[in-house]
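# Close look at the chain arrangement
What follows is each chain in one-letter form.
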Amino acid sequence: MGSAATMSMAMTALCFTKSNKLTSSFRTLPRFTCSSSPFKFNISFSPSKPKPNPKPEPQTESPNQFPDDNEGQLIIPWIVRGEDGNFKLLSEPPPSFLKAMANDKTGTKKSDKNQTTKNKKKSENETKVRATAPPQYSKAARRFYNENFKDSGTRLSKVLAASGVASRRSCEDLIFEGKVTVNGSVCNTPQTRVDPAKDVIYVNGSRLPKRQPHKVYLALNKPKGYICSSGEKESKSVLSLFDDFLSSWDKKHPGVPMPRLFTVGRLDVATTGLLIVTNDGDFAQRLSHPSSNFSKEYIATVNGLVHKRHLTAISEGTTIEGVHCVPDSVELLPSMPDAQRARLRIVVHDGRKHEVRELVKNAGLEIHSLKRVRIGGFRLPPDLG
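Cut-offs and rules
Residues numbered from 1 in each chain as written. Predicted model: local features only at pLDDT ≥ 70, side-chain atom pairs only at ≥ 80, totals over all residues. Heavy atoms only, no water. Pairing = 2+ DSSP bridges. Helix = DSSP H or I, 4+ residues; strand = E, 2+ residues; numbered from the N terminus. Phe/Tyr/Trp six-rings, centres within 6.5 Å; stacked < 30°, edge-to-face > 60°. Buried < 20%, exposed > 50% of the residue type's maximum accessible area, 1.4 Å probe, protein only. Lys NZ or Arg CZ within 6 Å of the ring centre and 35° of its normal. Core = buried A, V, L, I, M, F, W, Y, C linked by side-chain atoms within 4.5 Å. Domains from an automatic or database assignment. Contact = heavy atoms within 4.5 Å. Salt bridge = Lys/Arg side-chain N within 4 Å of Asp/Glu carboxyl O. 1 Å grid on protein atoms, 1.4 Å probe; cavity = no way out; pocket = protein on both sides within 12 Å on 5 of 7 lines; lining within 4 Å. Points joined across faces, edges and corners; volume = space filled by probe spheres on them. Nonpolar A, V, L, I, M, F, W, Y, C, P; charged D, E, K, R; others polar.

On the basis of which strands lie adjacent, the open sheet formed by four strands has the order 7-6-9-10 and antiparallel pairing. A single partner strand is all that each edge strand has here, and the edge strands are strand 7 (185–186) and strand 10 (206–207).

Next up, the structure:
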């Protein structure tokens, strides 16, 4: 009670002793009432001035705004480009979209159906191909199969030709005629795989040797007047030049069959020079096939004087058997003291029949002699007679 009276006197003195500034600050405080004692006193202050509310702006309805009656509903906005090129916000879908939805049919489009059908057929074809195609194995698996399971034999016609029986085509005729037996049975299929070391092969009643002849590779300086045919009736065949070599074969290689030789490519009867002779058919095929693109060098001795126009005409090429053949290079060689005729070095790679002779003839020159001195990277030895 005494403390309350003391507090009241202090507050009264404070109100009268402090300046008006302090008194005004108390007026802004809220009102407090103390009723814990018989003496009641009130401290009241004036309330703060309320802030004026802003006046609502009048709203005008427009087609780009949502109406008020849609409050509480889920609205999906539509952003559409207008005719003026600007984007507009609409509460309803545009008429073009509604028209497209009304005309649209359920299901996939025709193009989508065609694409789906194509994809389905493609997948079916790929499945069929995978089912019919042979499986792909690794190199190690293929090597293991080849070394342990695969038939490592050689075609029967190839074995007969390598053994010197006849040419491969003639050997095929012998097989078709039933003159070849394998292990006691007549064989009519040239593609039959055989192994001469294991299989018993008879040709016209004669046993085929088990050992195959060695591979032979010979370089011949073909003389003039010999042909490259391997027929037995040809007396001037280049193979007759190997009679001495073949007659001594049994002494040098006892127990080994005599090889059947043939030429790789041909030279006409009047052309001399380098000619390869072998019994290796695969080697001959690789060497003579146009895909190998081996160049061949010739020395052509011509009658008369050679001018620049002749060299230009030869370098432009000529048409042979419907194919335009152009030489790789043409060069006039320096004159030699003991030679009265001009010599031309001509390099070709097509290998057409009489190609060099036709090139020189087309240029208006006449060939006196023609000699081949190189095939690919092998050149005719100068000391070979």
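After presenting the structure, the write-up continues.
Moving on, we come to the packing of aromatic side chains. Aromatic ring pairs are defined here through the distance separating the ring centres and the angle between the ring planes. Inspection of every chain in the model, using the stated rule, returns two aromatic pairs. Taking the centre distance of 5.1 Å and the plane angle of 80° together, the rings of Y217 and F283 count as edge-to-face. A residue pair is termed long-range when its members are at least 10 positions apart, and Y217 in strand 11 (residues 217–222) and F283 in helix 10 (residues 281–288) qualify at 66 residues. Classification of Y217 as partly exposed rests on a relative accessible area of 45%. Among the residues examined, F283 registers a relative accessible area of 24% and is labelled partly exposed. Judged by centre distance (6.2 Å) and plane angle (65°), the ring pair of F245 and W249 falls under edge-to-face. With relative accessibility at 29%, the residue F245 sits in the partly exposed group. Here the basic side chain of K236 rests over the ring of Y226, its NZ or CZ set 4.3 Å away from the ring centre.

L261, I314, L344, I346 and V360 are the most contacted members of the largest nonpolar core, which has 29 residues in total. Elements supplying a minimum of two residues to this core: strand 13 (272–278), strand 14 (296–303), strand 18 (342–348), helix 12 (355–362) and strand 19 (366–375). Two domains each put at least three residues into this core: domain 2 (213–291) and domain 3 (293–384). Non-local contacts of I314, meaning those with residues more than four positions away in its chain, are made with P327, V330, L344, I346, L359, V360 and A363.

Time to look at the pattern of salt bridges. If charged atoms from side chains of opposite charge come close, those side chains can pair. A complete count under the given rule lists eight salt bridges for this structure. Notably, a salt bridge pairs E177 with K179, separated by 3.3 Å at the nearest N-O pair. Take E177: its relative accessible area is 52%, and that puts it in the exposed class. For K179, a relative accessible area of 38% gives the class partly exposed. Here R345 and E297 are joined by a salt bridge, their closest N and O atoms 3.8 Å apart.

Another aspect to go through is the layout of surface pockets. One number sums up the size of the largest pocket: a volume of about 810 Å³. The wall of the largest pocket is formed by 32 residues, among which R168, R260, F262, G281 and A284 lie closest to the centre. A breakdown of the residues in the lining of the largest pocket according to their chemical character gives eleven nonpolar, 13 polar and eight charged. Taken together, domain 1 (154–207) and domain 2 (213–291) each give at least three residues to the lining of the largest pocket, which thus spans both. A volume near 610 Å³ is recorded for the second largest pocket. Forming the boundary of the second largest pocket are 29 residues, of which R266, Y298, G351, R352 and R372 lie nearest the centre. Broken down by secondary-structure element, the contributors of at least two residues to the lining of the second largest pocket are helix 10, strand 14, helix 12 and strand 19. Here the lining of the second largest pocket is composed, by residue class, of eleven nonpolar, nine polar and nine charged. Per-domain counts for the lining of the second largest pocket show at least three residues from each of domain 2 (213–291) and domain 3 (293–384).

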